[in-house]
Amino acid sequence: MSDTTPTNSAESLYPSRRDSRPTKIAIIGAGAVGSTLAYACVIRGLAREVVLQDINKQKVEAEALDIAHGIQFTPAASVAGSDDVEICRDADVVIVTAGARQQPGQSRLELAGATVSIMEKVLPGLTAVAPNAVYIMVANPVDVVTYASLKISGLPPQQMFGSGTVLDTSRLRYLVSLETGTAVQNIHAYIAGEHGDSEVPLWASAEIGNVPLSRWGATLSGGEFDADLRARIGHEVMESAYKIIEGKGSTNYAVGLAVSRIIGAVLNDEQRVLTVSTLLDDWAGITDVCMSAPTIVGRSGAGRRLLPYLSMDERDALTASGIRLREVARSLGY
């Protein structure tokens, strides 16, 4: 008879905590992004317990109940919603999506003051009930919000970081795939800097497989991957959110999938390279600002920042992006 007994428990499906308790994800904000993120987490089976917290009691309970009714069709889990921050107690990962809503034509940086004021209200309560959680900030403008939130919370930069340009990088790879006919999973290219108007596509280090994009040759349309095409793709990535917001009021599906990927990297200790927004210290000469750079993400949060090869134009653009973000943070008193 075998000395090992297989387990059929639901908990065996999920990443385990060091203390062997079931894993728990807490999502702050039950708007379009928060609710879609909760749905993505449940479908992907990222944790044994998913909770939503929002000041709107009726809405948060309804959103959670709607997802819970579909549990039969997902990996077994529990989903709950409440207006009480106590529901977040002992969470492994806390994702903050609550913030001012971006209006059509409004830049992310214009949301800064209102969203930072929300962080000043919610973070003390959250860190009291979940002091050991990894915090992922999603509310825009995510870079300024992450920087201010680090100051407000006193948490170390490894433990609190922003979703950054993970979605922008996905958009970039998607557009490159349309031009080249290759799977997005084989495209290695990043967006760094601000998650916003000053973001920087890192074309100098972009590859498909192990072939530099500069040596790819003809695109599907018969053209070259020249400066004009790169500029068009970069502009389309930057404008994507504005186009979606104008058409449907908010972005939620792709951002929900992008953030669920970050959560998975944390809970599964994947050591995955993601362009999250972290507090930089002499990265490409940039210090004391939160913005996106390729970063190794695992169970302890944001680890080593990687510095790919940069052209001089890219380095200058990243420096300008950092200055822009630092000025906004300083204007808010951070």
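For the structure, see preceding data.
Residues numbered from 1 in each chain as written. Predicted model: local features only at pLDDT ≥ 70, side-chain atom pairs only at ≥ 80, totals over all residues. Heavy atoms only, no water.

**A word on the sheet that holds strand β12 (residues 272-274)**
In sheet architecture, strand pairing relies on hydrogen bonds along the backbone and comes in two forms, parallel and antiparallel. Strand order across the open sheet formed by three strands is β12-β15-β16, with antiparallel pairing between neighbours. The strands lining the two open edges of the sheet, one partner per strand, are β12 and β16 (301-305). With strand direction ignored, the average angle separating the axes of adjacent strands in the sheet is 40°. As paired strands, β12 and strand β15 (residues 295-298) are joined by three bridges and run antiparallel to one another. From the neighbouring strand, R272 faces β15, where its bridge partner is V297. (Pairing = 2+ DSSP bridges. Helix = DSSP H or I, 4+ residues; strand = E, 2+ residues; numbered from the N terminus. Axes fitted to C-alpha atoms, helices over the stretch in contact; angles between N-to-C directions.)

**A closer look at the nonpolar core**
Ranked by internal contacts, the top residues of the largest apolar core, which has 44 residues, are V94, L126, Y135, W283 and L318. Elements supplying a minimum of two residues to this core: β1 (24-28), β4 (93-96), α3 (112-129), β5 (134-137), α4 (142-153), β14 (290-292) and α8 (312-331). Among the elements that line this core, the one with the most residues is α3, at six residues. Among residues more than four places away in sequence, those in contact with V94 are A26, I28, L126, A130, A133, V134, Y135 and I136. (Core = buried A, V, L, I, M, F, W, Y, C linked by side-chain atoms within 4.5 Å. Buried < 20%, exposed > 50% of the residue type's maximum accessible area, 1.4 Å probe, protein only. Contact = heavy atoms within 4.5 Å.)

**Brief notes about the pairing of β5**
Residues of β5 alternate between two faces, with V134 and I136 on one and Y135 and M137 on the opposite face, all of them buried. Judged from the four bridges that link them, β4 and β5 form a sheet pairing that is parallel. Looking at the pairing, V94 lines up with Y135 of β5. The sheet contact formed by β5 and strand β6 (residues 160-162) spans three bridges and is parallel. The partner of I136 across the bridge, within β6, is F161. Following the backbone out of β5, through α4 and into the adjacent parallel β6, one traces a crossover that is right-handed. (Right-handed = clockwise from strand over helix to strand, strands pointing away.)

**Focus on the side chain of S292**
Here S292 lies in strand β14. Given the relative accessible area of 0%, S292 is considered buried. A distance of 2.9 Å separates a polar atom in the side chain of S292 from the backbone nitrogen of T165. A polar side-chain atom of S292 sits 3.3 Å from the main-chain carbonyl oxygen of T275. Beyond its immediate chain neighbours, meaning those up to four positions away, S292 contacts D143, G164, T165, I191, A192, G193, T275, V276 and S277. (Polar contact = N/O pair within 3.5 Å; in protein donor to acceptor, adjacent residues only side chain to side chain.)

**Remarks on the environment of V142**
By secondary structure assignment, the location of V142 is in helix α4. Spatially, the C-alpha atom of V142 lies 24 Å from that of R89, the residues being 53 residues apart in sequence. V142 has contacts with M137, G162, S163, G164 and H195, leaving out every residue within four places of it along the chain.

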